[in-house]
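Residue-level structural notes
Each chain, written out:
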Amino acid sequence: MWNQIWNLKVPLKTKNFVWRAAANCLPTNHNLRTKKVELNVLCPTCKKNVEITMHCLVYCPFAKGCWERLGLNFLVGSESSFLDWCTRVWSLLDAARVATVVMVCASLWTSRNDLWLSIFTFEDGVEHQTKPADDFIKVNVDAAIFHNRDCHSFACVAINSISLLLSVISSCWLSVFQFGLAETIGVKEALS
């Protein structure tokens, strides 16, 4: 399995990510807690299950929705480890589809990190949660432009005054806008 990971036709940082995920070395909330980091072990996306690698990348409702939207929901099995899941995925799909699955996993991890960071602000090395006032909703929007692919993407995260995750959306569009316009489209989508 390890050789298959390093032979993938994906960027090196993605190969490194999959290797760390398969070795259970990602800094999930559960793994951080085992290293004595005091934090809530629940998934920052669904806030219902302990955040382990398999939950974050496969079983979380947000991840399941991504797999379903891509027509790959048959990949959501019952494995308890990401390494076992990868072994099954490699046995079911051709190399190009495996590369797609790996890139989706990396994107799910990036979305999780963006969400986690959007809930906190950092001042003088100390993190502070910023949440909206009572009866308000905070929506964080970010966008990226990929000129070499003629597309842009955005992600939106909405939380309420008790930091409960209300919604997460992301999308990639085949068109290039100025950065401010790409974020504006993200805001429009968040409000619709």
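Described in the following lines is the structure provided in the data block. (Residues numbered from 1 in each chain as written. Predicted model: local features only at pLDDT ≥ 70, side-chain atom pairs only at ≥ 80, totals over all residues. Heavy atoms only, no water.)

**What to know about the overall build of the protein chain**
Along the protein chain, the regular secondary structure elements total 8 helices and 5 strands. Ordered by position in the sequence, the α and β elements of the protein chain form the string α-α-α-α-α-α-α-β-β-β-β-β-α. Counting over 192 residues, the protein chain shows a buried share of 35%. A fraction of 44% describes how many contacts in the protein chain between residues 6 or more apart in sequence connect residues 24 or more apart. Carbon and sulfur atoms provide 56% of the accessible area of the protein chain, an area that totals close to 11,200 Å². (Helix = DSSP H or I, 4+ residues; strand = E, 2+ residues; numbered from the N terminus. Buried < 20%, exposed > 50% of the residue type's maximum accessible area, 1.4 Å probe, protein only. Contact = heavy atoms within 4.5 Å. Areas by Shrake-Rupley, 256 points an atom, 1.4 Å probe, with all protein chains shown as cover.)

**Thoughts on the pattern of salt bridges**
Evaluation of the coordinates by the stated rule reveals 2 salt bridges. The closest approach of N and O atoms between Glu51 and Arg112, which form a salt bridge, is 2.7 Å. Placement of Glu51 in the loop between α3 (29-34) and α4 (53-59) and of Arg112 in helix α7 (residues 95-118) is noted, with a sequence separation of 61 residues between them. Judged by its relative accessible area of 6%, Arg112 is buried. Of the charged contacts in the structure, one is a salt bridge between Glu79 and Arg88, with a shortest N-O distance of 2.4 Å. Using a relative accessible area of 15% as the deciding quantity, one classes Glu79 as buried. (Salt bridge = Lys/Arg side-chain N within 4 Å of Asp/Glu carboxyl O.)

**Quick word on the state of the cysteines**
Chemically, a disulfide is nothing more than a covalent bond linking the sulfur atoms of two cysteines. If you walk through the whole model with that rule in mind, you get 0 disulfides. Cys46 takes part in no disulfide bond, and the closest cysteine sulfur, belonging to Cys43, lies 3.9 Å away. For Cys46, a relative accessible area of 15% gives the class buried. A disulfide-free cysteine, Cys105 has its sulfur positioned 6.5 Å from the sulfur of Cys86, the nearest such atom. Given a relative accessible area of 1%, Cys105 falls into the buried group. (Disulfide = S-S within 2.5 Å.)

**A word on the pairing of strand β4 (residues 151-160)**
Looking down a regular strand, the side chains alternate between one sheet face and the other. Counting buried positions along β4 yields 9 of 10 residues, so the element is predominantly enclosed. In the sheet, strand β3 (residues 137-146) pairs with β4 via 10 bridges, with the strands oriented antiparallel. Looking at β4, one finds that Phe146 is bridged to Cys151. The turn linking β4 back onto strand β5 (residues 165-173) is made up of 4 residues, and Ser163 within it adopts a positive phi angle of 65°. (Pairing = 2+ DSSP bridges.)

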